[in-house]
Amino acid sequence: MIGYYVHHQGRGHLHHAQCIAAHVPGPSTILSSLPRPNAWHRPWVALPPDDTVDPVDATAQGRLHWVPLHHDGHRERMGILARWIAQTRPAVFVSDVSVEVAVLVRLLGIPVVVAAMRGDRQDEAHRLGYDLANVLLAPWPGSLPEPGWPAHWHAKAVHTGSISRYDGRPRPMTRCGGNRPGADNEVVVMLGAGGADITPEQLREAAEATPDWSWTVLGGPGTHWVEDPWPLLCRASVVITHAGRTPSRSAPQRACPPS
């Protein structure tokens, strides 16, 4: 059995988990506070939310990312994780992505795989999670290693290349039988559900500055959710997205294909 913690921010973590599980022959269980998707037919453990607008010492004095004191939801979710591990005794556990979950799993004596991220991850919490990981899952090519990583992180990194839920999916056919549907000059902006720095005003200004182009915005404030954006992405002339591989503000931006 493989345990897989999926963070609730956005939908990229869940998409990655589903893609990876499709290539794992043995049983696996997702543990998350996200709603269980209809397409997931394996075991799922629901975790209570641990968000709060008034956290007390949420970072444990800068050593962790989110461990608010006296928070019932946080205490209950950690208890559920610990009980599931004690009862199930998984062979390995994947954390995508939480330093606190990775620490808990390793304290319980289970090998832990940590989903690595691009950018500067040299803060105390990230260093702890990456140091104790048995494996760092790096969804980018090994030919483009993350600069600034210490040697022991590189040594245990498994580079998979980009992970996409569209891998192997054929492109829709056009009415004329081609493989690129849609009109010219169509822009699709895919922001996803994880939040973005770009504002509706900036998007409106961009559309007004390009009157010969049509714009479709997926995700972000004030837009409707599209469960399957694949046809729209195939139809577009230009796709603008952060693709879920958002580095920290101190690191250079890198372009990635949609995931």
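It should be emphasised that the depicted structure is a prediction, and the values quoted were computed from it without experimental measurement.

**With respect to the overall build of the protein chain**
Next up, step 1: Scanning the protein chain for helices and strands turns up seven helices and 10 strands.
Next up, step 2: The buried share among the 259 residues of the protein chain stands at 41%.
Next up, step 3: When contacts within the protein chain are restricted to residue pairs at least 6 apart in sequence, long-range pairs at least 24 apart make up 55% of them.
Next up, step 4: Carbon and sulfur atoms provide 56% of the accessible area of the protein chain, an area that totals close to 14100 Å².

**Thoughts on the sheet that holds strand S3 (residues 44-46)**
Next up, step 1: A sheet is described by the order of its strands in space; here seven strands give the open sequence S3-S2-S1-S4-S5-S6-S7, paired in parallel fashion. Single-partner strands in this sheet number two, and they are S3 and strand S7 (157-159). Averaged over all neighbouring strand pairs, the angle between strand axes comes to 20°, with direction disregarded.
Next up, step 2: Looking at chain direction, strand S6 (residues 135-138) and S7 are connected through three bridges and run parallel. Of the residues in S7, the one forming a bridge with Leu 137 is Val 158.

**A closer look at the sheet that holds strand S10 (residues 238-241)**
Picture the strands of a sheet paired through backbone hydrogen bonds; they go either parallel or antiparallel.
Next up, step 1: Spatially, the three strands line up as an open sheet ordered S9-S8-S10, and their pairing is parallel. Across the chains shown, the open sheet's two edge strands, defined by having one partner strand only, are strand S9 (214-219) and S10. For this sheet the average axis-to-axis angle between neighbouring strands, irrespective of direction, equals 15°.
Next up, step 2: Pairing of strand S8 (residues 186-192) with S10 involves four bridges; the strand directions are parallel.

**Regarding the pattern of salt bridges**
Where charged atoms from two side chains of opposite charge come close, those side chains can pair.
Next up, step 1: Taken as a whole, this structure holds seven salt bridges when the rule is applied.
Next up, step 2: Measuring nitrogen to oxygen at the nearest pair gives 2.4 Å for the salt bridge that ties Asp 72 to Arg 75. Of this pair, Asp 72 and Arg 75 both sit in helix H2 (residues 72-88), three residues apart, roughly one helical turn.
Next up, step 3: Taking the shortest distance from any N to any O, the salt bridge between Arg 169 and Asp 228 comes out at 2.8 Å. Separated by 59 residues along the polypeptide, Arg 169 in the loop between S7 and S8 and Asp 228 in the loop between S9 and helix H7 (230-235) bring together distant segments of the chain.
Next up, step 4: Relative accessible area serves as the criterion here: at 35%, Arg 169 is assigned to the partly exposed category.
Next up, step 5: Connected via shared salt-bridge partners are Arg 63, Glu 124 and Arg 127.

**Points about helix H1 (residues 12-21)**
Next up, step 1: Counted residue by residue, H1 has seven buried out of 10 residues, so it is predominantly covered.
Next up, step 2: Looking only at H1, the buried set comprises His 13, Leu 14, His 15, His 16, Ala 17, Cys 19 and Ala 21.

**A few points about the pairing of strand S2 (residues 28-32)**
Next up, step 1: Most of S2 sits out of view: five of its five residues are buried.
Next up, step 2: By the alternation rule, side chains of S2 split into Ser 28, Ile 30 and Ser 32 and Thr 29 and Leu 31, which are all buried.
Next up, step 3: Both strand S1 (residues 2-6) and S2 contribute to a ladder of five bridges, which runs parallel. Bridging across to S2, Val 6 finds its partner in Ser 32.

**Considering the environment of Val 226**
Next up, step 1: Looking at where Val 226 falls in the secondary structure, it is placed in the loop between S9 and H7.
Next up, step 2: On a C-alpha basis, the gap between Val 226 and Gly 192 in space is 9.3 Å, while along the polypeptide they are 34 residues apart.
Next up, step 3: The contact partners of Val 226, leaving out residues within four places of it in the chain, are Leu 218 and Leu 232.

Cut-off values and rules
- Residues numbered from 1 in each chain as written.
- Predicted model: local features only at pLDDT ≥ 70, side-chain atom pairs only at ≥ 80, totals over all residues.
- Heavy atoms only, no water.
- Helix = DSSP H or I, 4+ residues; strand = E, 2+ residues; numbered from the N terminus.
- Buried < 20%, exposed > 50% of the residue type's maximum accessible area, 1.4 Å probe, protein only.
- Contact = heavy atoms within 4.5 Å.
- Areas by Shrake-Rupley, 256 points an atom, 1.4 Å probe, with all protein chains shown as cover.
- Pairing = 2+ DSSP bridges.
- Axes fitted to C-alpha atoms, helices over the stretch in contact; angles between N-to-C directions.
- Salt bridge = Lys/Arg side-chain N within 4 Å of Asp/Glu carboxyl O.

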